[in-house]
Amino acid sequence: MASSSEKSELNSSASFSSNSDEVDDIFITCCAPNGCTVPSPVNLHQSVKLTSSSDQCVCSLFMHSECFDQFEESVLQYLKLSGRARSWSEKQRRQNIWSKRGYDLAFKACLCKCKKGYLKKDLDQVEEFDHVPVTKSKKKKRKSNEKPLLILSTSPTNRNRTISGCSTGSEGGGISKLSSPKEAVFSFSRRSDYHAFLVALPKQKLNPYHIKMEDETYGGNYDENRNFVLSNLTNHKVHTVHCLLCLRSLPVYDRYPLIDGTFFLSVHKSHKSAVEILHNGYNRYLCAVCVGCLHGYSAKVNCKFCKEEWQGDLFQLGTLYSFDIFAANPCCPRRTQCNTCSANVLKERVEASFSWFAQQLQCPDCGSLDYHLIKPHLTVFKISTD
């Protein structure tokens, strides 16, 4: 049975739901599990809303932003030591902490102080996306714990702008650029909308951390990765590529995000549409995977041996990776076998960047130097598109 203080806290939350015009007059208690550190009631306009896994939770489900920051850091520390998240980078853990992939590993660190359920950040609290560009005079300051959002405009003139923050760089790299006026005549598509991202992604991932956007700090006219991709495709007269998994046709755009998915380089030509290019003096194949397959919307990709689902949603969309993304973070020993003697190249678990797994490694048994962890994706993954 709830105590009188618990009932009071619950009632204040109920009053907020039914009397939104009087929110400034309501006393809301912070629901920080480890105790509130702010000596004042919660200001709803500067708070973080949460949800509980229990219908019987008697807490307010609101936290001071300062208390939530401390709560989130404690959950991140727990996630850092949990399962497959141990091999994630700090950035990946922060991106996935409140998504299903990360929360399923860390929910035990989110026990509510009423002990009846587990807390989770209410992702629906994120503001809706604007369909009209926001001018400087209308920009609002965002909380420190919120990610920047995209302007999903249907106007081609505003197709590659962000509301706030700057886009993160990809791990891929290139040095080529459009080298002659003749090449520049070959045109790529101009993006008119973000429909493919809206369909496949949850709302909290519609931001420049998950989708590579045009960096307009210096006018957005030069970017090594973008010009590397476009110049090589121009040389081959290619303006459409295909997803390696579902074989969907993907138009290439002239600005970030370059495709409705992501590009990567591989030592294998896994599909006839893969474009052979020269990268840092080595022959590579420019390949693509669509956003639907990366996020499990169009196809499910599972390891043939251990059945674990491939984590394609860890990669940024619309950009280029200079390594084979299917080699990243191998899930079982069958994927780390030597290409010559079939011995296990990795004798123990390795925590490293994704690109490390796509480099040449020497087999400790037979001494063979090869890209042992890069396997043709169809030989190690089962792809289900139904």
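Structure: above.
Residues numbered from 1 in each chain as written. Predicted model: local features only at pLDDT ≥ 70, side-chain atom pairs only at ≥ 80, totals over all residues. Heavy atoms only, no water.

A. Quick look at the overall build of the protein chain. Looking only at helices and strands, one finds nine helices and 13 strands in the protein chain. For the protein chain, contacts bridging at least 24 residues in sequence account for 64% of all contacts bridging at least 6. Summed over all atoms, the accessible surface of the protein chain reaches about 19500 Å², with 48% contributed by carbon and sulfur. (Helix = DSSP H or I, 4+ residues; strand = E, 2+ residues; numbered from the N terminus. Contact = heavy atoms within 4.5 Å. Areas by Shrake-Rupley, 256 points an atom, 1.4 Å probe, with all protein chains shown as cover.)

B. Representation of the nonpolar core within the structure. Among the nonpolar cores identified, the biggest contains 89 residues, and Phe263 and Ile325 are the most heavily contacted of them. Not counting chain neighbours up to four residues away, the residues in contact with Phe263 comprise Val229, Leu233, Val241, Val252, Leu258, Leu286, Cys287, Ala288, Thr319, Leu320 and Tyr321. Of all hydrophobic cores here, the second largest spans eight residues; its members include Cys338, Phe357, Leu361 and Cys363. (Core = buried A, V, L, I, M, F, W, Y, C linked by side-chain atoms within 4.5 Å. Buried < 20%, exposed > 50% of the residue type's maximum accessible area, 1.4 Å probe, protein only.)

C. Expanded view of the environment of Ser65. One can find Ser65 in helix H2 (residues 65–80). A C-alpha to C-alpha distance of 5.8 Å links Ser65 and Val48, two positions 17 residues apart in sequence. Residues in contact with Ser65, not counting those within four places in the same chain, are Gln46, Ser47 and Val48.

D. Local environment of the sheet that holds strand S3 (residues 119–121). The three strands lie next to each other as S2-S1-S3, forming an open sheet whose pairing is antiparallel. The open sheet has two edge strands with one neighbour each: strand S2 (62–64) and S3. Each strand axis lies, on average, 40° off the axis of its neighbour in the sheet, ignoring direction. Sheet topology places strand S1 (residues 47–52) next to S2; three bridges connect them, and they run antiparallel. Paired with Lys49 across the two strands is Phe62, which belongs to S2. (Pairing = 2+ DSSP bridges. Axes fitted to C-alpha atoms, helices over the stretch in contact; angles between N-to-C directions.)

E. The side chain of Ser60, seen in detail. Among the secondary structure elements, Ser60 is positioned in the loop between S1 and S2. Polar side-chain contacts of Ser60 include one of 2.5 Å to the backbone oxygen of Thr29. In this structure the side chain of Ser60 is engaged in a polar contact, spanning 3.3 Å, whose partner is the backbone nitrogen of Phe62. (Polar contact = N/O pair within 3.5 Å; in protein donor to acceptor, adjacent residues only side chain to side chain.)

F. Molecular detail of H2. Spanning 16 residues, H2 covers 22 Å between terminal C-alpha atoms, matching the ideal 22 Å at 1.5 Å per step. By the burial criterion, the buried members of H2 are Ser65, Cys67, Phe68, Phe71, Glu72, Val75, Leu76 and Leu79. Residues of H2 that are buried in the fold lie against S1, S2, helix H3 (90–96), helix H4 (100–106) and S3. (Expected span 1.5 Å × (residues − 1).)

G. Region of interest: the pairing of strand S7 (residues 275–279). Residues Val275, Ile277 and His279 point to one face of S7 and are all buried, whereas Glu276 and Leu278, pointing to the other face, are not buried. Bridge count between S7 and strand S8 (residues 282–290): five bridges; the pairing is antiparallel. Paired with Glu276 across the bridge in S8 is Tyr285. Taken together, S7 and the strand that follows it, S8, pair antiparallel across an intervening segment of two residues, in which Asn280 is found at a positive phi of about 55°.

H. Just helix H7 (residues 224–235), in detail. With 12 residues, H7 extends 16 Å between its outermost C-alpha atoms, agreeing within 8% with the 16 Å of an ideal straight helix rising 1.5 Å per residue. If you check which residues of H7 are buried, you get Asn225, Arg226, Asn227, Phe228, Val229, Leu230, Ser231, Asn232, Leu233 and Thr234. For H7, the capping residue at the N-terminal end is Asp223, with a side-chain oxygen 3.1 Å from the backbone nitrogen of Asn225. After H7 finishes, the residue Lys237 shows a positive phi value of roughly 55°.

I. Spotlight on the sheet that holds S7. Here four strands make up an open sheet; going across it, the order is S7-S8-S6-S10 and the pairing mixed. The open sheet terminates on both sides in strands that have one partner only, identified here as S7 and strand S10 (320–321). With two bridges joining them, strand S6 (residues 261–266) and S10 adopt parallel strand pairing. Looking at the pairing, Phe264 lines up with Tyr321 of S10. Relative to the sheet, H7 contacts S6, S7, S8 and S10, its axis offset from that of S7 by approximately 130°.

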